[in-house]
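Coordinate analysis (summary)
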Amino acid sequence: MQNFLKINDNDKVVVALNPIPAGETVTVEVQGQMKDITALEEIPAGHKMAICDIPAGGEVIKYGYRIGNAKEDIRAGAWIHTHNIKTALGDLLEYTYEPVHMEEKRSGDVTFPGFKRPDGKVGVRNEIWIIPTVGCVNNVATAIAKQANAWLQSQADKETVEEVIAFPHPYGCSQMGDDQEHTRKILADLINHPNAGGVLVLGLGCENSNIDVLKPYIGDYDENRVKFVVAQECEDEIAESLEVIKGLVDYAAGFKREPVSVSKLVIGMKCGGSDGLSGITANPLVGRFSDKLISKGGTTILTEVPEMFGAETILMNRCADRELFDKTVDLINDFKNYFKSHNQTIYENPSPGNKKGGISTLEDKSLGCTQKSGSAPVKGVLQYGETVKTPGLNLLSAPGNDLVAATALAAAGAHIVLFTTGRGTPFASPVPTVKISTNSNLANKKSNWIDFNAGVLVEDKSMEEETEALFDYVVAVASGKKVCSEAAGFHDMAIFKQGVTL
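Residues numbered from 1 in each chain as written. Predicted model: local features only at pLDDT ≥ 70, side-chain atom pairs only at ≥ 80, totals over all residues. Heavy atoms only, no water.

One broad trend across soluble globular proteins is that nonpolar side chains are buried collectively. Ranked by internal contacts, the top residues of the largest apolar core, which has 93 residues, are F112, I416, L418 and I436. Setting aside chain neighbours within four positions, we find I436 in contact with A282, V286, L418, F419, T420, T421, F452, A454 and L470. The next biggest cluster of nonpolar side chains, apart from the first, holds 26 residues, and it includes I20, I54, V60 and I67. (Core = buried A, V, L, I, M, F, W, Y, C linked by side-chain atoms within 4.5 Å. Buried < 20%, exposed > 50% of the residue type's maximum accessible area, 1.4 Å probe, protein only. Contact = heavy atoms within 4.5 Å.)

If you want it as structure tokens, here you go:
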């Protein structure tokens, strides 16, 4: 196996797959000719080495695109990183719609055993969710879930009900403007999520987002599936809630897994703790998966808008029509204005962990991040808290923060989230969160975190066979297979907080 990879014919760098010692020579094609390039210094794994001289101010090309400009003259064989490259991005930009032709592929259907809901939705889990309206009842919700699960384990005839899960959060009161709206929308989205066979909405009673205020956001609901308890109106809110949950379990136990088309699946796509291999292994693999699911009529959602900066025109030009292009421009510029309104640098990225892993600029990170979108046309653009309506590839407004973005994907309707990582993380989200490692070292070291290893793509596996393997794995998860975070009992949620706390 070679120790480096040139991603695109036009690239001026190669990526080290293993450390390249100083003085080692690699043979690589440069401008149509094979050349020997000697490393002038050690190139860490995941990092970039120049394969031609780049003058100060010159463009550094990776993925076939500019990832920044040289701060100084860079010689062939030099390590390229934050010390000698800087972002070339500006603030608000003018965009022109230059649509690219994309052939929409179609392939045969596949089925999985899922839970069909009366409203036509499909769930991949049959859980009971406890949704607090406000952080004041978080501990009560957690206590209810603990006691309810102890009771559920003794109910052999309720085996299709998998778990009772509480989703504590610190919001629902002392919020203003968009923050309060975001909280209400996300809570309502989770209450309506089909992975929950039954839902207990637990309120305090005096909060801004109390149950009566929240109900219009929930909309029409099945009174057998969604129940409400107001703690201030109960003598013993835990005892009363446990009785309500027993009724919800009875209701949810009536659902059994039955064959469902994968065209019903909605899959969220997110990355975090990225490294130099993210844009080479795991992210392109998820992109191939996305194309495959979409070819079968399914839906995928890409988010973390700040990590589209620098690669946004690729997505814009894949928009199916001008209206979607305009929405994508707003998606990007609204987030830039959000940064500016808080007097923050738009391009304060990548993170220290990203840099350690070999990512040097936001363009470098974004071009790797957007590999998850595959090659399908963009068919939908969603605001934060909006649920998906159009099959195919959708873009969702949410920040890069892992927990906030993964929760936003679940709230938008994702049954499962695919999370690629080069550094590793144990977090979960409200739905099964598949951790896909970019490298085998991480997969071997943190087998309790990692569900699927894409690192084999730079070892002995082809993209085609790993796409099939990942697709089969996702179908297995949709069919009931527990991912690592579920097996560990982890269930996280986080709401996007932007403004004032009273």
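Attention now goes to the packing of helix α2 (residues 177–191) against helix α3 (residues 211–218). Where α2 meets α3, the axes come as close as 9 Å, and the angle between the chain directions of the two elements is 65 degrees. Here α2 lies roughly perpendicular to α3, going by the angle between them. With respect to the hand of their crossing, α2 and α3 are arranged in right-handed fashion. Here E181, R184, K185, L187, A188 and I191 of α2 lie close against α3, whose contacting residues are V213, L214, Y217 and I218. For the contact of α2 with α3, the per-class residue count stands at seven nonpolar, no polar and three charged. (Axes fitted to C-alpha atoms, helices over the stretch in contact; angles between N-to-C directions. Helix = DSSP H or I, 4+ residues; strand = E, 2+ residues; numbered from the N terminus. Parallel < 35°, antiparallel > 145°, perpendicular 65-115°, else oblique. Left-handed = near helix turned anticlockwise from the far one by under 90°. Nonpolar A, V, L, I, M, F, W, Y, C, P; charged D, E, K, R; others polar.)

Going through the model one piece at a time under the given rule, you end up with 14 aromatic pairs. Seen in terms of ring centroids, Y251 and F255 are 5.4 Å apart; in terms of plane orientation they differ by 85 degrees. Their pairing is edge-to-face. A relative accessible area of 12% places F255 in the buried class. An angle of 5 degrees between the planes, with centres 6.1 Å apart, marks the rings of F335 and F496 as stacked. (Phe/Tyr/Trp six-rings, centres within 6.5 Å; stacked < 30°, edge-to-face > 60°.)

Turning to unusual backbone geometry, a few remarks are in order. One non-glycine residue, Y63, lies in the positive phi region at around 60 degrees. Within the fold, Y63 resides in the loop between β6 (59–62) and β7 (65–70). Given the relative accessible area of 8%, Y63 is considered buried. For N343, which is not a glycine, the phi torsion comes out positive at approximately 55 degrees. Within the fold, N343 resides in the loop between α7 (322–341) and α8 (352–357).

With that settled, consider the sheet that holds strand β19 (residues 378–382). Strand order across the open sheet formed by seven strands is β19-β20-β18-β17-β21-β22-β23, with parallel pairing between neighbours. Two strands close off the open sheet at either side, each with one partner strand: β19 and β23 (452–453). (Pairing = 2+ DSSP bridges.)

The next subject is the environment of T361. With respect to the helices and strands, T361 occurs in the loop between α8 and α9 (362–369). Distance from T361 to P350, taken between C-alpha atoms, is 6.2 Å for residues eleven residues apart in sequence. T361 has contacts with I67, I85, K86, T87 and P350, leaving out every residue within four places of it along the chain.

Pairing is antiparallel across the open sheet formed by three strands, whose spatial order is β6-β7-β9. Every interior strand has two partners, whereas the edge strands, β6 and β9 (85–86), have only one. By the bridge criterion, two bridges tie β7 to β9 in an arrangement that is antiparallel. Considered in β9, the bridge of N69 is made with K86.

Together, M176, V500 and L502 line one region of the surface with nonpolar side chains, adding up to about 320 Å² of accessible area. Along the chain, V500 falls in the segment after α13 (484–487). (Patch = residues over 30% accessible without salt bridge, like charges linked within 9 Å, V, L, I, M, F, W, Y side chains within 5 Å. Areas by Shrake-Rupley, 256 points an atom, 1.4 Å probe, with all protein chains shown as cover. Salt bridge = Lys/Arg side-chain N within 4 Å of Asp/Glu carboxyl O.)

Moving on, we get to the pairing of strand β4 (residues 33–38). One ladder, built from six bridges, connects strand β3 (residues 25–30) with β4; its direction is antiparallel. Within β4, the position partnered with V30 by the bridge is Q33. Here β3 folds back onto β4 in antiparallel fashion, the turn holding two residues, of which Q31 has a positive phi close to 50 degrees.

Everything listed here is a matter of geometry and, on its own, says nothing about what the molecule does.
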